[in-house]
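# Survey of secondary and tertiary structure
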Amino acid sequence: MSKILEVKNLVTKFYTLDGVVNAVNGVSFDLEEGETLAIVGESGSGKSVTMMSLLGLIPMPPGKIETGTAFFNGDDGRHDLLQMSPEKLRDVRGGQIGFVFQDPISTLNPILTVGEQISEVLTRHVMSKSDAKEATLKLLTQVGIPDPELRYNAFPFQFSGGMRQRVVIAIAIACTPKIIIADEPTTALDVTVQAQIIDLFKRLRSALDVAVIWITHDLGVVAGIAERVLVMYGGRPVEIALVNDLYEHPQHPYTVGLLRALPRMDAQESDRLVSIKGSPPDLLIPVKHCSFAWRCEYAFDRCWQQIPPLITVGEQHQISCFYDLDKGGPRDG
Ligand SMILES: Nc1ncnc2c1ncn2[C@@H]1O[C@H](COP(=O)(O)OP(=O)(O)OP(=O)(O)O)[C@@H](O)[C@H]1O
Ligand SMILES: [Mg+2]
């Protein structure tokens, strides 16, 4: 397998009237061709800002990408998304990189029919107007929308939430992208529709052999979707691991806390769910130590003195923590 996306040391800040919001503080990760990587973290941990930075969708000002590289292996070679011209990036976005956001209402244009909106993406990126209608009908069928001929001329408000999200997915896959970035694509939907959309994603992913970045705050849905997971805290990755490894052998105290807060099928009646005490970090305060230290029961002096770098602790397993949970004491070195 080869890497389709390599993100290194991404730092994004917002210069607001209240101060500087340190939203993304050094995010690095790779994405392999065809794999699904889940990005998990509490609200405000920088998941969306990370993806918006890659797609060139950060409002500037107040936003600013301070440092970082994001090499994308596209149709015309390996290029840094963060150095691309706005025109080129617009071409990649919606073309080779599709995206699905949480709220289909704000993604779709209320005054254009569903068919027009899908066709528009096709004609902008890959085909002539005359071919686009037929391709759009195929896409509508592919994402499970019944009566595509009839639905082609409908407006978004005539669709249910789940159906609208299917339209957004049709737009995201229209140009057979290499990567789909899905930012909380099921959060606005009820549980049964959520399960249908997840199923649809899984089906499309294997049919199209596309890599997916699936952003969620719910570690519970990750197991059925992703091969690997990146856990974010305070704008930084704190643990990256294969999904089974992460569930069975989490090595960062924050991940352990997230998993303890999750209901499990195999739990005993006496087992209680435990929430992580304390609250997420205030991003207006720049931290020069582990940002989880305030809430960590294992924090010791080193954790308050420097930011733990991401280190490898097993096959495809990285954490940023000075404490060794297995050993029950500070990590050597
Ligand atoms: N335009 C903006 N101006 C100022 N601050 C912003 C802006 N956009 C995002 N932020 C801040 O950046 C931080 C990270 O936000 P982000 O949206 O990435 O969080 P998230 O992990 O996606 O959370 P959620 O799970 O709620 O979607 C937050 O503190 C947020 O308030
Ligand atoms: Mg978000």
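None of these values were measured; they are calculated from a predicted model. (Residues numbered from 1 in each chain as written. Chains lettered and ligands numbered in written order. Predicted model: local features only at pLDDT ≥ 70, side-chain atom pairs only at ≥ 80, totals over all residues. Heavy atoms only, no water.)

## Observations concerning the overall build of the protein chain
Filter applied, for reference: Put simply, DSSP H or I for four residues or longer makes a helix, DSSP E for two residues or longer makes a strand, and each gets a number counted from the N terminus. A radius of gyration in this sense is built from C-alpha atoms; the matching globule rule multiplies 2.2 Å by the number of residues raised to 0.38. Using a 1.4 Å probe on the protein chains alone, a residue whose accessible area is under 20% of its type maximum counts as buried, one over 50% counts as exposed, and one in between counts as partly exposed. In what follows, residue pairs with any heavy atoms lying within 4.5 Å of each other are defined as contacts. The convention is simple: Lys and Arg are positive, Asp and Glu are negative, and His and the chain ends are not counted. Charge placement uses NZ in Lys and CZ in Arg. For Asp and Glu, CG and CD serve respectively.
Helices and strands together make up the secondary structure of the protein chain, namely eleven helices and 14 strands. In summary, the protein chain has a C-alpha radius of gyration of 21 Å against a globular reference of 20 Å for 333 residues, a match within 12%. Considering only C-alpha atoms, the protein chain reaches an extent of 65 × 50 × 45 Å along its principal axes. Residues classed as buried in the protein chain amount to 51% of the 333 residues present. Considering only contacts within the protein chain whose residues lie at least 6 apart along the sequence, 63% involve residues at least 24 apart. Put simply, the protein chain has 31 plus and 40 minus side-chain charges, and the middle of one group is 3 Å from the middle of the other.

## Description of the packing of aromatic side chains
Note the threshold: Side-chain rings of Phe, Tyr and Trp, where Trp is taken by its six-membered ring, are said to pair if the distance between their centres is within 6.5 Å; with planes under 30 degrees apart they count as stacked, over 60 as edge-to-face, and otherwise as tilted. Only Lys NZ and Arg CZ are tested; either one counts as a charge over a ring when it is within 6 Å of the ring centre and within 35 degrees of the ring normal.
Following the criterion strictly, the structure yields nine aromatic pairs and no others. Ring centres of F155 and F157 lie 6.3 Å apart, and the angle between their planes is 15°; on these two criteria the pair is classed as stacked. Look at F155 and you get partly exposed, because its relative accessible area is 29%. Members of the aromatic cluster, connected to one another through ring pairs, are Y233, Y254 and F292. In this structure, K133 is placed above the aromatic ring of Y152, and the distance from its NZ or CZ to the ring centre is 4.6 Å. One residue, R151, lies across the ring of F159, its end atom 5.0 Å from the ring centre.

## Let's talk about the nonpolar core
Applicable threshold: Definition of nonpolar core: a set of buried residues of the types Ala, Val, Leu, Ile, Met, Phe, Trp, Tyr and Cys, connected through side-chain atoms within 4.5 Å.
V100, V143, I169, F201 and W214 are the most contacted members of the largest nonpolar core, which has 37 residues in total. Contributions of two or more residues to this core are made by helix 4 (114–125), helix 5 (129–142), helix 7 (161–173), strand 7 (179–183), helix 8 (191–208) and strand 8 (211–216). Sorting elements by how many residues they give to this core places helix 7 first, with seven residues. Other than its neighbours up to four places away in sequence, V143 contacts R166, I169, A170, I173, L200 and L204. Listed in part, the 34 residues of the second largest apolar core include A70, F72, A211 and I213.

## A word on the sheet that holds strand 6 (residues 97–100)
Picture the strands of a sheet paired through backbone hydrogen bonds; they go either parallel or antiparallel. Where we set the bar: One bridge is not enough; two strands pair if DSSP finds at least two bridges between them. Comment: axis = line fitted to C-alpha atoms, over the contacting stretch for helices; angle = value between 0 and 180 degrees taken between N-to-C directions.
The eight strands lie next to each other as 6-7-8-3-9-10-12-11, forming an open sheet whose pairing is mixed. Each end of this open sheet is capped by a strand with a single partner; those strands are strand 6 and strand 11 (311–314). Across the sheet, the mean angle from the axis of one strand to that of its neighbour is 20°, orientation sign disregarded. Summarising the sheet, strand 6 and strand 7 pair through four bridges and their orientation is parallel. Directly across from I97, in strand 7, lies its bridge partner I179. Strand contacts of helix 11 (residues 253–260): strand 3 (36–40), strand 9 (228–233) and strand 10 (236–242), with the helix running at about 105° to strand 9, the strand carrying the most contacts.

## A look at the site of ligand 1
Worth spelling out the cut-off: A cutoff of 4 Å decides nearness: a residue is near a molecule or strand if any of its heavy atoms lies inside that distance of it. Two N or O atoms count as a polar contact when they lie within 3.5 Å, although within protein this holds only if one can serve as hydrogen donor and the other as acceptor, and sequence-adjacent residues are included solely when both atoms are side-chain atoms. All accessible-area figures derive from a Shrake-Rupley calculation using a 1.4 Å probe, and residue coverage is judged against the displayed protein chains alone.
Of all residues adjacent to ligand 1, which total 15 residues, the nearest are S43, G44, K47, S48 and V49. Between ligand 1 and S43, the relevant distance is 2.5 Å, taken from an oxygen atom to a side-chain nitrogen or oxygen of the residue. Protein contact buries 66% of the 630 Å² of open area that ligand 1 shows by itself. When residues of the shell around ligand 1 are traced back to their parent elements, those giving at least two are strand 1 (3–16), strand 2 (19–32) and helix 1 (47–55).

## With respect to unusual backbone geometry
Peptide bonds are, in most cases, trans, and in most cases residues other than glycine have a negative phi. Looking along the chain, the bond that leaves M60 and enters P61 is cis, with omega of -15°. With respect to the helices and strands, the residue P61 is situated in the loop between helix 1 and strand 4 (63–74). A cis amide bond, omega 10°, links P61 with the succeeding residue P62. Mapped onto the elements, P62 comes out in the loop between helix 1 and strand 4. For E184, which is not glycine, the phi dihedral falls at a positive 45°. Among the residues examined, E184 registers a relative accessible area of 9% and is labelled buried. Look at D209: it is not a glycine, yet its phi comes out positive at around 50°.

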